[in-house]
Amino acid sequence: MTFLSALRVIVLVLAAGPLVYYLLSLYCVIEYFAIVRRTPPRDESFTSFTPPVSILKAVRGVDHDAYENFASYCRLDYPDYELVFAMADRNDLVIPVIEKLQRDFPSRRIAFVTDVPRIGENNKVNCLCRLVKEAKHDLVVMTDSDVRVERSYLREVVAPFEDRAVGAVTSFYRCIGGGTLAADLDMLGMCMESVPSALVARKLEGKVQFAYGWTMATTKERLAEIGGWEAMANYHSDDFELGNRIAAKGHRVELMREPVWMVFPKETLGEFLRHELRWAVGLRNVRPAGYVGMIFAHGLPWAILAATIAFASGWSGIAGFYLSAYLSLRLAVAYAAGVWGLRDQVAASKLWLAPLRDVISAIVWLAGFFTNSIIWRGLKYRVKNGLLEPVQIRPAQTLHAEERARGVK
């Protein structure tokens with residue numbers, strides 16, 4: 001009985017770990033966004049630093065609302081920039097979308113290239129290698145194809161580079177679109193996981209040592225210091241590698257004050273689970289110790305376990321404490337990050353799904369220990385030590401048929 005009593009106490013103590021993590025997350029989120037909100041808006045006195053910019057987009061296939069996503073980059077309030085796309089397939093279905101952009105925005109320099117050498121297994125990075133060579137300007141801004149931006153986007157991205165200590169800029173995002181349960185769950189990932197974990201890491205490590213594909217801005221000079229994209233052509237988590245390597249060279253990685261917009265399709269549960277698992281496998285490969293430590297970031301299983309043990313021991317008050325503390329802290333972090341911090345009203349309407357999102361996240365995290373296989377843009381890979389190993393090459397016509405089924409808008 002003494003052993004069992006001790007075991008119960010140990011479990012209850014461990015179950016407090018996620019609650020401590022949520023408290024730390026809440027503190028970091030409130031601290032960061034309070035500073036952002038106190039910072040004066042960028043008025044005319046901040047606009048003198050406007051170096052020319054090359055916006056580079058590696059694309060494959062047609063994402064949901066692709067035309068509107070791309071068009072948002074053509075309406076930017078910025079004096080001198082170009083927009084350059086790259087795709088490895090000369091018959092990619094995204095090419096007509098880009099040609100329509102060229103017709104609709106004749107005053108903008110919009111170009112695309114298809115002669116992309118195969119340097120490594122990461123097709124996106126292969127395109128980025130080619131794009132950097134094509135770019136006319138030293139300052140390069142790279143974003144995913146499902147990202148949409150405001151007119152002030154480039155001014156917000158460029159402003160930190162006035163400080164020569166800044167080597168890269170990245171961003172969080174707000175949500176657009178969706179319409180299915182899977183998409184709603186996906187949308188919660190930013191305010192429940194990405195923002196809190198990023199700001200906790202920033203606080204504990206004293207700096208940002210990563211980047212997100214939603215915005216990766218740097219200079220050709222900084223890229224050259226880390227071996228260019230060519231040095232990352234076989235890596236799965238290219239955005240993490242970029243930010244991590246630039247930070248390792250002693251340069252600061254800054255977060256944009258304003259988030260971008262992420263456009264979500266009406267994805268299925270299977271699609272959602274596949275890319276969640278892909279991110280989990282990638283994270284385990286680049287930060288293995290941190291991935292193990294995430295056992296204390298999944299509060300719902302711990303709360304249920306603690307409540308079950310406490311209730312069976314006749315400690316109903318303790319059982320109620322764990323369940324109520326989990327729910328209140330989890331929702332507080334998600335609200336502070338998504339609604340108050342990012343001002344994401346779409347996320348605000350989905351917070352009731354937070355416990356379900358946590359169930360799925362815990363299952364995916366556990367599954368991430370038992371597989372290295374991922375599916376990325378229709379191609380199957382294994383991830384080993386952060387590197388991509390191809391498993392299966394899909395015929396181009398199969399991929400085109402699937403992209404055609406999604407439609408071009």
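Above this text is the structure in question.
Note that the coordinates shown come from a computational prediction; the quantities given were computed from them, not determined experimentally.

S.K.: I'm lost on the packing of helix H7 (residues 181-205) against helix H10 (residues 269-286) in this one. Help?
M.R.: A pair of packed helices is characterised by two quantities: the angle between their axes and the separation of those axes. Remark: H7 packs on H10, axes separated minimally by 8 Å, with the N-to-C direction vectors making an angle of 25 degrees. With respect to H10, the axis of H7 lies roughly parallel. Between H7 and H10 lies a crossing of left-handed hand. Touching Ala182, Leu185 and Asp186 of H7 are Leu269, Phe272, His275, Glu276 and Trp279, all from H10. Class assignment for the residues of the contact of H7 with H10 results in 5 nonpolar, 1 polar and 2 charged.

S.K.: Would you take a moment to explain the sheet that holds strand S7 (residues 173-177) for this structure?
M.R.: The pairing of strands in a sheet comes from backbone hydrogen bonds and takes either a parallel or an antiparallel form. With mixed pairing, the 3 strands of this open sheet are ordered in space as S5-S10-S7. The two strands at the open ends of the sheet, each matched to only one other strand, are strand S5 (147-148) and S7. When S7 meets strand S10 (residues 260-264), the two strands line up parallel, connected through 5 bridges. Residue pairing in the sheet places Gly177 in a bridge with Phe264 of S10. Along the sheet, H7 contacts S7 and S10; its crossing angle with S7, the most-contacted strand, is approximately 165 degrees.

S.K.: Got a minute to help me understand empty space enclosed by the protein in this structure?
M.R.: This model, assessed by the stated rule, comprises 4 cavities of 30 Å³ or more. Counted as a void, the largest cavity has a volume near 80 Å³. Counting residues per element, the lining of the largest cavity draws most heavily on helix H2 (residues 17-38), at 4 residues. Split by residue class, the lining of the largest cavity holds 7 nonpolar, 1 polar and 5 charged.

S.K.: Before we go on, may I ask you to explain the pattern of salt bridges in this structure?
M.R.: It is possible for side chains of opposite charge to pair when their charged atoms get near one another. Going through the model one piece at a time under the given rule, you end up with 27 salt bridges. Notably, a salt bridge pairs Glu221 with Arg222, separated by 3.4 Å at the nearest N-O pair. Using a relative accessible area of 40% as the deciding quantity, one classes Glu221 as partly exposed. Relative accessible area serves as the criterion here: at 8%, Arg222 is assigned to the buried category. Beyond isolated ion pairs, a larger network of salt bridges with shared partners links Arg164, Glu221, Arg222 and Glu225.

S.K.: Hey, could you run me through the pairing of strand S3 (residues 109-113) in this one?
M.R.: Residues in a regular strand project their side chains so that they alternate between the two faces of the sheet. The pairing of strand S2 (residues 81-86) with S3 spans 5 bridges and is parallel. Each bridged residue has a counterpart across the sheet, and for Phe85 the counterpart in S3 is Phe112. This β-α-β element, S2 to helix H4 (residues 95-104) to S3, shows right-handed connectivity.

S.K.: Sorry, what's going on with the packing of aromatic side chains here?
M.R.: Within this structure, the stated rule accounts for 17 aromatic pairs. A centroid spacing of 6.1 Å and a plane angle of 55 degrees characterise the contact between Tyr21 and Tyr22, whose relative ring orientation is tilted. Assessed through its relative accessible area of 1%, Tyr22 is described here as buried. Relative to Trp214, the ring of Tyr212 lies with its centre 4.3 Å away and its plane at 25 degrees, an arrangement referred to as stacked. Each member of the pair Tyr212 and Trp214 is classed as buried. Each residue in the set Tyr32, Phe33, Phe172, Tyr173, Phe210, Tyr212, Trp214, Phe264 and Trp340 is aromatic and connected to the rest through ring pairs, giving one cluster. In this structure, Lys100 is placed above the aromatic ring of Tyr67, and the distance from its NZ or CZ to the ring centre is 5.1 Å. Note that Arg174 overlies the ring of Trp261, its terminal NZ or CZ placed 5.2 Å from the centroid.

Parameters and conventions
Residues numbered from 1 in each chain as written. Predicted model: local features only at pLDDT ≥ 70, side-chain atom pairs only at ≥ 80, totals over all residues. Heavy atoms only, no water. Axes fitted to C-alpha atoms, helices over the stretch in contact; angles between N-to-C directions. Helix = DSSP H or I, 4+ residues; strand = E, 2+ residues; numbered from the N terminus. Parallel < 35°, antiparallel > 145°, perpendicular 65-115°, else oblique. Left-handed = near helix turned anticlockwise from the far one by under 90°. Contact = heavy atoms within 4.5 Å. Nonpolar A, V, L, I, M, F, W, Y, C, P; charged D, E, K, R; others polar. Pairing = 2+ DSSP bridges. 1 Å grid on protein atoms, 1.4 Å probe; cavity = no way out; pocket = protein on both sides within 12 Å on 5 of 7 lines; lining within 4 Å. Points joined across faces, edges and corners; volume = space filled by probe spheres on them. Salt bridge = Lys/Arg side-chain N within 4 Å of Asp/Glu carboxyl O. Buried < 20%, exposed > 50% of the residue type's maximum accessible area, 1.4 Å probe, protein only. Right-handed = clockwise from strand over helix to strand, strands pointing away. Phe/Tyr/Trp six-rings, centres within 6.5 Å; stacked < 30°, edge-to-face > 60°. Lys NZ or Arg CZ within 6 Å of the ring centre and 35° of its normal.

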